[in-house]
Number of protein chains: 2
Amino acid sequence: MDIAQILRSEGFKVTPQRIAIYQALTGHHNHPTAELIYQSLRAEHPSMSLATVYKTMEIFEKIGLVKVLDVGDDCARYDWDTQNHSHIRCTVCNKVEDLMGIDSKAISKIVEEGSEYRVTGQQITFEGICPDCLRKQSH
Amino acid sequence: MDIAQILRSEGFKVTPQRIAIYQALTGHHNHPTAELIYQSLRAEHPSMSLATVYKTMEIFEKIGLVKVLDVGDDCARYDWDTQNHSHIRCTVCNKVEDLMGIDSKAISKIVEEGSEYRVTGQQITFEGICPDCLRKQSH
DNA sequence: TTGTGTGCAAACACTTTGCAATTAG
DNA sequence: CTAATTGCAAAGTGTTTGCACACAA
């Protein structure tokens, strides 16, 4: 099922902007910010506006196409992999990567069983210095 | 070692504002926001300003007296328990509680061993609905 | 045709900053 | 005395909103 079909089936209109934003999102492996997506689309879509990126992301989140990440650098990042998983952000170059080492689903199960909350979401984020930046620092 | 001594030993001046803010912080069990601390001090310290709360928290963070939390509600919260531990925020009443069920230190160890990052920080935050709000909803 | 979507600019919320006046040491 | 700190107001940042115009269905 492609993006146009998903939008239609959820009662939203299919627009060039929405398609472009979706493609930009799935094309990036960097958990892009709204600004980054906006910038990467300006060349092809000169009239694109940042507000449209935000509004579109809100829809995408609502219909489960993206997860909004809060990795502690004061701006939302968008992840098209909506499975629970953890992230790590390099405090030097600011890139965000997936962390596969830990089983987020198991952790959230522990939380749910250990507390009386109904757990609805999780954000597991680490920060550190990535191998590349570590190497540069040692020179 | 009390707050006055700590400040002095770190080369900062001891002011009534800093003492009051520290007391407000340690008095709250709610991971207060800057605004909340500011409001709770206005009565006793009419001239207190929000900017001073922010500036003071920056110092407290620098000298390891508080950890700044990012629990996904668009404002910083301050925690005087600087040991790594997880939090859960109720999306209905917006309160933030400590989560003792999971061993954050162990998780961060796993991350450090499983990746090539030098891990320097972590934010493990869940969101859900607290027992109180669950009860109210069912009526 | 009609109501949703877009793009601009203004509004927003939280936080930071510049600076004159104040105060701790 | 003097350098650090305060408090105000203004600026800054990322995000949201109102609204006229454009466009998908």
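Predicted, not measured: the structure shown is a model, and the values here were computed from it. (Residues numbered from 1 in each chain as written. Chains lettered and ligands numbered in written order. Predicted model: local features only at pLDDT ≥ 70, side-chain atom pairs only at ≥ 80, totals over all residues. Heavy atoms only, no water.)

1. Comments concerning the interface of chain A and chain B
For step 1, the next point in the chain: The interface is formed by 32 residues belonging to chain A together with 32 residues belonging to chain B.
For step 2, the next point in the chain: Summed over both partners, the interface of chain A with chain B buries about 2,600 Å², with 66% contributed by carbon and sulfur atoms.
For step 3, the next point in the chain: The largest contributions to the chain A side of the interface with chain B come from Tyr117(A), Arg118(A) and Phe126(A), which together make up 25% of the buried area.
For step 4, the next point in the chain: Our count for the chain A to chain B interface comes out at 0 salt bridges.
For step 5, the next point in the chain: Linking chain A with chain B are 12 residue pairs in polar contact (both at pLDDT 80 or more).
For step 6, the next point in the chain: Counting only elements with at least two residues in the side of chain A that touches chain B, the list comes to strand 3 (86-90), strand 4 (96-99), helix 5 (104-114), strand 5 (118-129) and helix 6 (131-137) of chain A.
For step 7, the next point in the chain: Looking at the side of chain A that touches chain B, the element that brings in the most residues is strand 5 of chain A, giving 12 residues.
For step 8, the next point in the chain: Partitioned by chemical class, the residues of the side of chain A that touches chain B number 15 nonpolar, 10 polar and 7 charged.
For step 9, the next point in the chain: Here strand 5 of chain A runs beside strand 5 (residues 118-129) of chain B; their pairing, made up of 11 bridges, is antiparallel. Paired with Ile129(A) across the two strands is Arg118(B), which belongs to strand 5 of chain B. (Contact = heavy atoms within 4.5 Å. Buried area = accessible area lost by both parts, 1.4 Å probe. Salt bridge = Lys/Arg side-chain N within 4 Å of Asp/Glu carboxyl O. Polar contact = N/O pair within 3.5 Å; in protein donor to acceptor, adjacent residues only side chain to side chain. Helix = DSSP H or I, 4+ residues; strand = E, 2+ residues; numbered from the N terminus. Nonpolar A, V, L, I, M, F, W, Y, C, P; charged D, E, K, R; others polar. Pairing = 2+ DSSP bridges.)

2. A short note on the relation of the copies chain A and chain B
For step 1, the next point in the chain: In screw terms, the move from chain A to chain B is a rotation of 180° and a rise of 0.0 Å along the axis, fitting with an RMSD of 0.1 Å. Within this description, the copies of the chain are treated as partners about a two-fold rotation axis. Within chain A, Ile124(A) has its C-alpha nearest the rotation axis, a separation of 2.3 Å.
For step 2, the next point in the chain: Residue by residue, 100% of the interface of chain A is reproduced at the interface of chain B, so both copies engage with the same surface. (Least-squares fit on C-alpha atoms with pLDDT ≥ 70 in both.)

3. What about the protein's contact with DNA strand C?
For step 1, the next point in the chain: Residues in contact with DNA strand C amount to 20 residues; listed here are only the nearest, Thr15(A), Ser47(A), Lys55(A), Tyr54(B) and Ala76(B).
For step 2, the next point in the chain: Of all atoms in DNA strand C that approach within 4 Å of the protein, 74% are sugar or phosphate atoms.
For step 3, the next point in the chain: Arg18(A) places a polar side-chain atom, nitrogen or oxygen, 2.7 Å from a phosphate oxygen of DNA strand C.
For step 4, the next point in the chain: Taken together, the residues that form the surface near DNA strand C break down as 8 nonpolar, 5 polar and 7 charged. (Near = heavy atom within 4 Å.)

4. Focus: the domain arrangement of chain A
Residues and elements named next belong to chain A.
For step 1, the next point in the chain: Under the domain assignment, chain A is made up of domain 1 (3-78) and domain 2 (83-138).
For step 2, the next point in the chain: Between the C-alpha centres of domain 1 and domain 2 there is a distance of 22 Å.
For step 3, the next point in the chain: Each side of the interface is counted separately: domain 1 has 10 residues, and domain 2 has 10 residues.
For step 4, the next point in the chain: Contact between domain 1 and domain 2 buries roughly 810 Å² in total, counting both sides, with carbon and sulfur atoms accounting for 45%.
For step 5, the next point in the chain: In terms of surface lost to domain 2, no three residues of domain 1 exceed His-31, Lys-67 and Val-71, which account for 54% of the buried area on that side.
For step 6, the next point in the chain: Counting across the domain 1 and domain 2 interface gives 0 salt bridges. (Domains from an automatic or database assignment.)

5. Considering the environment of Gln5(B)
Residues and elements named next belong to chain B.
For step 1, the next point in the chain: Along the polypeptide, Gln-5 turns up in helix 1 (residues 3-9).
For step 2, the next point in the chain: Exposure remark for Gln-5: the relative accessible area of 42% places this residue in the partly exposed category.
For step 3, the next point in the chain: Sequence-wise, Gln-5 and Asp-79 are 74 residues apart; in three dimensions their C-alpha atoms are separated by 20 Å. (Buried < 20%, exposed > 50% of the residue type's maximum accessible area, 1.4 Å probe, protein only.)

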